[in-house]
Amino acid sequence: MAHNPYKRKDSYYLKAKQEGYKSRAAYKLIELNQKYKLLKKGYSVLDCGAAPGGWTQVALSLVETTGCVVAVDYEVIEGISGDNFTFIQGDMLKAETITAVLQAANGSFNAVLSDMAPKTTGIKLKDHVGSIELATVALEIAKNTLKAGGSFLVKIFDGEDRPAYLKSLKTLFREVRTIRPDATRKESYEMYVVAIGKLPQV
Ligand SMILES: C[S@@+](CC[C@H](N)C(=O)[O-])C[C@H]1O[C@@H](n2cnc3c(N)ncnc32)[C@H](O)[C@@H]1O
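S.K.: So what's going on with the overall build of the protein? Residues and values would help.
M.R.: The secondary structure content of the protein amounts to 6 helices and 7 strands. Taken from the N to the C terminus, the helices and strands of the protein come in the order α-α-β-α-β-β-α-β-α-β-α-β-β. The C-alpha radius of gyration computed for the protein amounts to 16 Å, which stays within 12% of the reference 17 Å derived for 202 residues, consistent with globular compactness. In terms of principal-axis extent, the alpha carbons of the protein reach across some 55 × 40 × 35 Å. Buried positions account for 50% of the 202 residues belonging to the protein. Sequence separation of at least 24 residues holds for 63% of the intrachain contacts in the protein that already meet a minimum separation of 6. Of the roughly 10400 Å² of accessible surface on the protein, a fraction of 52% belongs to carbon and sulfur atoms. Placing the 28 positive and 22 negative side-chain charges of the protein at their respective mean positions leaves the two points 5 Å apart.

The structure is reproduced here in structure tokens:
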């Protein structure tokens, strides 16, 4: 049987089980937030591609009860509830899901996060193109819903369209960085783009 690196029970997987996180991905957001202070008490946050819910758990604990989290995924998130939590089940590539997100924004967000990833094929170019498509949708949402000064965090699979994607971000945010958190598997070509300080619309 072929070895699947994504099923490997590595130290982050085991840590997530022990600490009650729904995914090992939680540690990526914890690390990125320690570095860039994206989420704070009282913030309203959009979490795109949120299932099974690790980032949502981290975000809810950082924004506390005075903040709120809107999570979107076409997979269900189980076992997370609360007055300050809204789950929208839907495909972010569909207009009706975008409409529901815009309604849930109830004004605007302090941070927009996207850990969305296409179903990977192992064909690097195909996976890259799929991830840039999702990252572009997330950026459109961020353009329309982020407060001035707000932050945007997005996952991409690296490839030839990365420079153009980063260029589009640099016109909208004060500071743009790329980073591979420690919890990213060594064999993965995922990376995260952190964009801080949304510029006021001109
Ligand atoms: C890496 S997982 C996210 C893990 C999550 N951040 C966590 O901490 O548990 C990527 C998610 O993106 C979702 N996704 C991919 N394409 C999507 C789309 N078009 N619309 C909504 N969700 C999507 C997948 O269903 C999957 O749950």
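Back to the text.
S.K.: Residue-level account of the site of the ligand, with values.
M.R.: Lining the immediate surroundings of the ligand are 21 residues, of which Ser23, Asp73, Asp91, Met92 and Asp115 lie closest. Note that an oxygen atom of the ligand is positioned 2.8 Å from one of the side-chain N or O atoms of Ser23. Between the ligand and the protein, one listed contact pairs an oxygen atom with a backbone N or O atom of Ala51 at 3.0 Å. Out of a free accessible area of 610 Å², the ligand has 88% covered by protein chains. Considering only residue class, the shell around the ligand consists of 11 nonpolar, 5 polar and 5 charged.

Definitions and cut-offs
Residues numbered from 1 in each chain as written. Predicted model: local features only at pLDDT ≥ 70, side-chain atom pairs only at ≥ 80, totals over all residues. Heavy atoms only, no water. Helix = DSSP H or I, 4+ residues; strand = E, 2+ residues; numbered from the N terminus. Rg over C-alpha atoms; globule rule 2.2 N^0.38 Å. Buried < 20%, exposed > 50% of the residue type's maximum accessible area, 1.4 Å probe, protein only. Contact = heavy atoms within 4.5 Å. Areas by Shrake-Rupley, 256 points an atom, 1.4 Å probe, with all protein chains shown as cover. Lys, Arg positive; Asp, Glu negative; His and termini not counted. Charge placed at Lys NZ, Arg CZ, Asp CG, Glu CD. Near = heavy atom within 4 Å. Polar contact = N/O pair within 3.5 Å; in protein donor to acceptor, adjacent residues only side chain to side chain. Nonpolar A, V, L, I, M, F, W, Y, C, P; charged D, E, K, R; others polar.

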